[in-house]
Amino acid sequence: MPISRLFISLLFCVLPQLLEGARILAIFPFPGPSQYINVVPYLKGLAARGHQVTSVNAFPQKKPVENFHDIVVPEVFQSYEEIIADLEISRNSWEENSFVNDFFLSVTKTVLQNAKVQQELLQPGKAQFDLIIVEALRTDALYGFAAHFNAPIIGISTFGTDWNIDELVGNTSPISYIPLITGGLTDHMTYWERVHNFVETAIAWLNWKLVYVPLHVKLYEQYFPHIAHKKPLVELSKNFSLVLLNQHFSLSFPRPYVPNMIEVGGLHIAHKPAPLPKEMEEFIQGAGSTGVIYFSLGSNIKSKDLPEERKQMLLQALASLPQRVLWKFEDEQLPNKPPNVFISKWFPQPDILAHPNVKLFITHGGLLSTIESIHHGKPVLGLPFFYDQFLNVERAKQAGFGLALDHKQMTGAEFVQTIKRLINEPKFSETAKLMSARYRDQPMSPQETAIWWTEYVLRHKGAPHMRIAAQDLSFVAYHSLDVVGLLLGVAVLMLVIIFYLLQRLLCSRGGAGKQKLKNQ
Ligand SMILES: *[C@@H]1O[C@H](CO)[C@@H](O)[C@H](O)[C@H]1NC(C)=O
């Protein structure tokens, strides 16, 4: 163990004595399982260090965890089913933004309406908390809990930052080289890509500010009436003590951050892989040196729901490969399943990817999957479906450890050929290993980093000294529009004066000339 690691571990043993257990309210109501999977090891890590954690979520613990209390909001699954059902409908940009914001609004409402939340949290004087941790995903009315409990608030984003999360701490993201998460562009954009990025960002911003912020303000005033007049929601939304991002410069594009925005990409990854279930281990071992391909479309998209024609195409293609394939498939039955394919509803994904016989990961390109494949140094074939998946897959391509295909358009031959390239051309796995080495080279693990910064905020009472002054400026002052306006005004005024004087001079000269003519 290097000395610095040892020192940090020692520090971690000593720190609990310096800090009393805090009461922490965590609000992670999103019904997509991967978002909660990302944060729950961190929340349990806080509980293990003696803090009392109350977690509002949709995936309660199956066994009791010490210092950890669930408030379950199962109603959120209703809005989720609706959004998943409507994903494929085509919309213009404005409608797309409204669609997503409607979903976030309905999740927010569901939490505030939940009986347990009302009983245990909203009733005045019932509970007290020293810290609020929320998933920062346009659930602004929920930031009211910070005002309600007069406690500092930390935001966690499971996909990195965007213009909306930036506003919580005043982070700057120049849109000339920071692409919109949903746009599928990289940090090196052509002129027209920059135009596209600008327009799309402006549409998203306007949609949020004009339509959805007022709706959240209304919700906030309705559910937190005793505090809403003292602390307006717009102020709460600019008063985050800390934002933790599930992102890292070695995984993504390098970019600037303000001091209270910290990268903790791979928050969920455990230090050591666990042994695999016997059946899986044997199947993987049995493949020998030809290796195994792991194929999973994540927890939201179900392979079993793919169109029949696509399923048959995939089966034929997989049957023609020399490798064995593990396919996350959610049905017991898969007619025509070739002998080299092993299906299961669930795989211990990080442990599978850790296996040396696994050569390739065919993925939907979700961020957690992407981070896991980098962590374990495995190349990827990306088949993106929605949201940030296009961006993640584009990054994998640009970095050189992956290739992408359009899952709706690709032919079986293209699918097989791309798999062969990724396995047979060594550059892909070499790049994946290089990325892994860069990613793992950090002073503390992402989870230790997150816990350290969380306790930093507790130790320093919200750590207001990290908050940048931008948070107190208006839009006009922040962008120096007033200064530019003044300077432009002065310049225009001077031009007018010069023009006026010149005209006077010329006129009087002309006048004098005329006078002369007349006199002759
Ligand atoms: C902002 O947060 C600090 C703690 O970091 C708190 O003392 C202050 O009251 C908050 N301001 C508003 C307007 O909520």
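For the structure, see preceding data.
A brief report on the enclosed structure follows. (Residues numbered from 1 in each chain as written. Predicted model: local features only at pLDDT ≥ 70, side-chain atom pairs only at ≥ 80, totals over all residues. Heavy atoms only, no water.)

## Section: the site of the ligand
So, point 1. Surveying the vicinity of the ligand reveals the residues Lys231, Glu235, Leu236, Asn239, Ser241 and Gly462.
So, point 2. Lysine 231 has a polar side-chain atom sitting 3.3 Å from an oxygen atom of the ligand.
So, point 3. A distance of 2.4 Å is found between an oxygen atom of the ligand and a side-chain nitrogen or oxygen belonging to asparagine 239.
So, point 4. Burial of the ligand by the protein amounts to 64% of the accessible area it has alone, namely 370 Å².
So, point 5. Per-class residue counts for the shell around the ligand are one nonpolar, three polar and two charged. (Near = heavy atom within 4 Å. Polar contact = N/O pair within 3.5 Å; in protein donor to acceptor, adjacent residues only side chain to side chain. Areas by Shrake-Rupley, 256 points an atom, 1.4 Å probe, with all protein chains shown as cover. Nonpolar A, V, L, I, M, F, W, Y, C, P; charged D, E, K, R; others polar.)

## Digging into helix 2 (residues 33-48)
So, point 1. The first and last C-alpha atoms of helix 2 sit 22 Å apart over 16 residues, in line with the 22 Å expected at 1.5 Å per residue.
So, point 2. For helix 2, the principal kink sits at valine 39 and spans about 35°; a proline, proline 41, occurs within the next four residues.
So, point 3. Turning to helix 2, its buried residues are Gln35, Tyr36, Asn38, Val39, Val40, Tyr42, Leu43, Gly45, Leu46 and Ala47.
So, point 4. One or two residues past the end of helix 2 sits glycine 50, with phi positive at roughly 100°. (Helix = DSSP H or I, 4+ residues; strand = E, 2+ residues; numbered from the N terminus. Expected span 1.5 Å × (residues − 1). Bend = angle between axes of the 7 residues up to and from the residue. Buried < 20%, exposed > 50% of the residue type's maximum accessible area, 1.4 Å probe, protein only.)

## Re the nonpolar core
So, point 1. The biggest cluster of nonpolar side chains holds 78 residues, and the ones touching the most others in it are Ile132 and Phe145.
So, point 2. Looking at which element gives the most residues to this core, the answer is helix 4 (residues 93-113), with eight residues.
So, point 3. Residues lining this core come from more than one domain, with at least three contributed by each of domain 1 (14-269 + 445-472) and domain 2 (278-440).
So, point 4. Beyond its immediate sequence surroundings of up to four residues, isoleucine 132 is in contact with Leu25, Ile27, Phe145, Ala146, Phe149, Ala151, Pro152, Ile153 and Ile154. (Core = buried A, V, L, I, M, F, W, Y, C linked by side-chain atoms within 4.5 Å. Domains from an automatic or database assignment. Contact = heavy atoms within 4.5 Å.)

## Examining the pairing of strand 9 (residues 324-328)
So, point 1. Of all five residues in strand 9, four are buried, a share of seventy percent or more.
So, point 2. Direction of pairing for strand 8 (residues 292-296) relative to strand 9: parallel, over a ladder of four bridges. Bridged to valine 292 within strand 9 is arginine 324.
So, point 3. Remark: the strand 8/helix 12 (residues 308-319)/strand 9 crossover connection has right-handed handedness.
So, point 4. As judged from the four bridges shared by strand 9 and strand 10 (residues 341-344), these two strands associate in the parallel manner. By the bridge assignment, leucine 326 is partnered in strand 10 with phenylalanine 342. (Pairing = 2+ DSSP bridges. Right-handed = clockwise from strand over helix to strand, strands pointing away.)

## Overview of the sheet that holds strand 4 (residues 131-135)
Sheet strands line up and pair through hydrogen bonds in the backbone, either parallel or antiparallel.
So, point 1. Spatially, 3-2-1-4-5-6-7 is the arrangement adopted by the seven strands of the open sheet, whose pairing is parallel. Two strands close off the open sheet at either side, each with one partner strand: strand 3 (68-72) and strand 7 (261-263). Each strand axis lies, on average, 20° off the axis of its neighbour in the sheet, ignoring direction.
So, point 2. As judged from the three bridges shared by strand 6 (residues 242-245) and strand 7, these two strands associate in the parallel manner. Residue pairing across strands places valine 243 opposite methionine 261, the latter belonging to strand 7. (Axes fitted to C-alpha atoms, helices over the stretch in contact; angles between N-to-C directions.)

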